[in-house]
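Descriptive structure summary
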Amino acid sequence: MTIKNLGIIIAVLTVMLSSGLTAVAEVPADMMLAKADSAYSAGEYSEAVRIYGDIAAKHGTSAALLVNLGNAYVKAGDLGRGRLAYERALLEDPSEKEARNNIAYIETRVSDNNHAEAKGSKVSVSPDTASFFSAVKTYITRRISSDTWAWWGASLFILAIACLSLYIFSSEVVLRKIGFFGGIGAGALCVLTMIFAFSAASALENNDEGVVTAYKVNLLDSPDENGKKSKYPLTRGTLMKVLDVEMDEDEKVLWYKVLLNSDFVGWIRPTDFETVKM
C-alpha cells in the first residue's frame, strides 16, 4: 500500500468518524421535545424555554412548538416573549386557537399594566379602532391561511368545470340552466378566493407588527437617546405596528418607529422591541 493510498484511507475514515460523532451528538427533536415538556411539567419554565428554543433553532419551528414556547415564557413571567411566540405561531397557522386565546389573555394583562402606568390618566392604551372594511380585511388575511383559501379556490374551479360540462352536454333545459348559472357563480367565487389567497400570503410576507419585550419603555420622539420621552411608558407584551426602521451602513437595525395609537407613536430600540416576522 502506497503512502498516497494510505493518506486517502485515513482521510475517508476521518470523515466517516466525524460524521458518526455528529450524528451521535445531535439529539433527535422528539427526545428534546420530551425533555422540554418534562421540564415544563416540573415547573422548570426557564429550562423549558431554553430547550424549546434549541429545538426551534436546530429543527425549525411549527405552530405547536411556538405555542409551547409561549406557554413556557408566560409561566416564567415574560409576557413579552410569550406574546411574541404566540403571534409567530399564528403566522405559521392562523387557525391556531390556543395561541389566539392566550393572546387575548395577555392583552388583558398588558392593558391593565399599561393603565396602571398611566396613573389614572384618560390617555388611550389600546390600538385605534379599525374601520369595518379594515376589520374584514384583517379577518380574511389573518384569520384564514392562504393555503386554505387556495384549497377553496381549487375546489370551486373543479365545481365550475363540472357545471360547464353539465351545461354543454346535458339535453335537459333545467340542468343546462343549473350548469350555466352554477358555473358562473362557482367561477366568480373561485376568482374571489384566489384573490383572498394572494392577499393572505402578502399579509404574511409583509407583517409589520412587533412586541415590546422590555419590562417597560418610554417611546422617544426621535431616533436618539436624547429624544423627548413619551409621558407614560408601555409595558412588555404591548403589540405595536412598525412604521419605519433606521439602520446603520451594515443594515443593522438601530431604531424602530412604532405606533400603538395616536397617543403612543415614537422610536424604540431593538433591544426593547422585537418584530413578529423573523
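The coordinates are above.
So, a few notes on the structure that sits alongside this text.

Reading the values: rules and limits
- Residues numbered from 1 in each chain as written.
- Predicted model: local features only at pLDDT ≥ 70, side-chain atom pairs only at ≥ 80, totals over all residues.
- Heavy atoms only, no water.
- Salt bridge = Lys/Arg side-chain N within 4 Å of Asp/Glu carboxyl O.
- Helix = DSSP H or I, 4+ residues; strand = E, 2+ residues; numbered from the N terminus.
- Buried < 20%, exposed > 50% of the residue type's maximum accessible area, 1.4 Å probe, protein only.
- Patch = residues over 30% accessible without salt bridge, like charges linked within 9 Å, V, L, I, M, F, W, Y side chains within 5 Å.
- Areas by Shrake-Rupley, 256 points an atom, 1.4 Å probe, with all protein chains shown as cover.
- Polar contact = N/O pair within 3.5 Å; in protein donor to acceptor, adjacent residues only side chain to side chain.
- Contact = heavy atoms within 4.5 Å.
- Phe/Tyr/Trp six-rings, centres within 6.5 Å; stacked < 30°, edge-to-face > 60°.
- Pairing = 2+ DSSP bridges.
- Axes fitted to C-alpha atoms, helices over the stretch in contact; angles between N-to-C directions.

**A closer look at the pattern of salt bridges**
Tallied over the full model, the rule gives 11 salt bridges. We note a salt bridge from Glu47 to Arg50, for which the minimum N-O separation is 2.7 Å. With Glu47 and Arg50 both in helix α3 (residues 45-59), this residue pair falls 3 residues apart, about one helical turn. Judged by its relative accessible area of 41%, Arg50 falls in the partly exposed class. In this structure, Glu107 and Arg83 form a salt bridge, with 2.9 Å as the shortest nitrogen-oxygen distance. In this pair, Glu107 is assigned in helix α6 (residues 97-118) and Arg83 in helix α5 (residues 79-92), connecting sequence segments 24 residues apart. Each of Glu47, Arg50 and Asp54 takes part in one network of salt bridges that share partners.

**What to know about a nonpolar patch on the surface**
A contiguous nonpolar patch, built from Phe157, Ile158, Ile161, Leu164, Tyr167, Ile168, Phe169, Phe180, Phe181 and Ile184 and spanning about 1100 Å² of accessible area, is present on the exposed surface. At the level of secondary structure, the elements contributing two or more residues to the nonpolar patch comprise α8 (146-169) and α9 (173-205). Per-element tally for the nonpolar patch: the top contributor is α8, with 7 residues. Mapped onto the fold, Phe169 is located in helix α8.

**Side note on the side chain of Asn261**
One can find Asn261 in strand β5 (residues 253-261). Owing to a relative accessible area of 0%, Asn261 belongs among the buried residues under this scheme. Engagement of the side chain of Asn261 in a polar contact is seen with the backbone nitrogen of Asp263, the distance being 2.8 Å. Polar side-chain contacts of Asn261 include one of 3.0 Å to the backbone nitrogen of Phe264. Apart from residues no more than four positions distant in its own chain, Asn261 is found in contact with Ser124, Val125, Ser126, Pro127 and Asp128.

**Re the packing of aromatic side chains**
Counted according to the given criterion, the structure contains 7 aromatic pairs. Pairing Tyr40 with Tyr45 gives two aromatic rings, centres 5.3 Å apart and planes at 70 degrees, and the pair type is edge-to-face. Relative accessible area serves as the criterion here: at 24%, Tyr40 is assigned to the partly exposed category. Residue class for Tyr45 comes out partly exposed when judged on its relative accessible area of 24%.

**Observations concerning the pairing of strand β4 (residues 239-247)**
Across 3 bridges, the pairing between strand β1 (residues 209-212) and β4 is antiparallel. Its bridge partner lying in β4, Gly210 is registered against Met240. Here 6 bridges tie β4 to β5, and the two strands are oriented antiparallel to one another. Bridged to Lys241 within β5 is Leu259. Where β4 folds back onto β5 in an antiparallel hairpin, the turn is made up of 5 residues, including Glu251, whose phi is positive at roughly 65 degrees.

**Some words on the pairing of β1**
Bridging between β1 and strand β7 (residues 273-275) involves 3 bridges; their strand directions are antiparallel. When the bridges of β7 are listed, Val212 appears paired with Phe273.

**Describing the sheet that holds β5**
Spatially, the 5 strands line up as an open sheet ordered β6-β5-β4-β1-β7, and their pairing is antiparallel. Among the strands making up the open sheet, the edge pair consists of β6 (264-268) and β7. Here the average twist between neighbouring strands, direction ignored, is 35 degrees. Contacting β1, β4 and β7, α5 runs over the sheet at an angle of about 5 degrees to β7.

Keep in mind that these numbers describe shape and distance, not what the molecule does.
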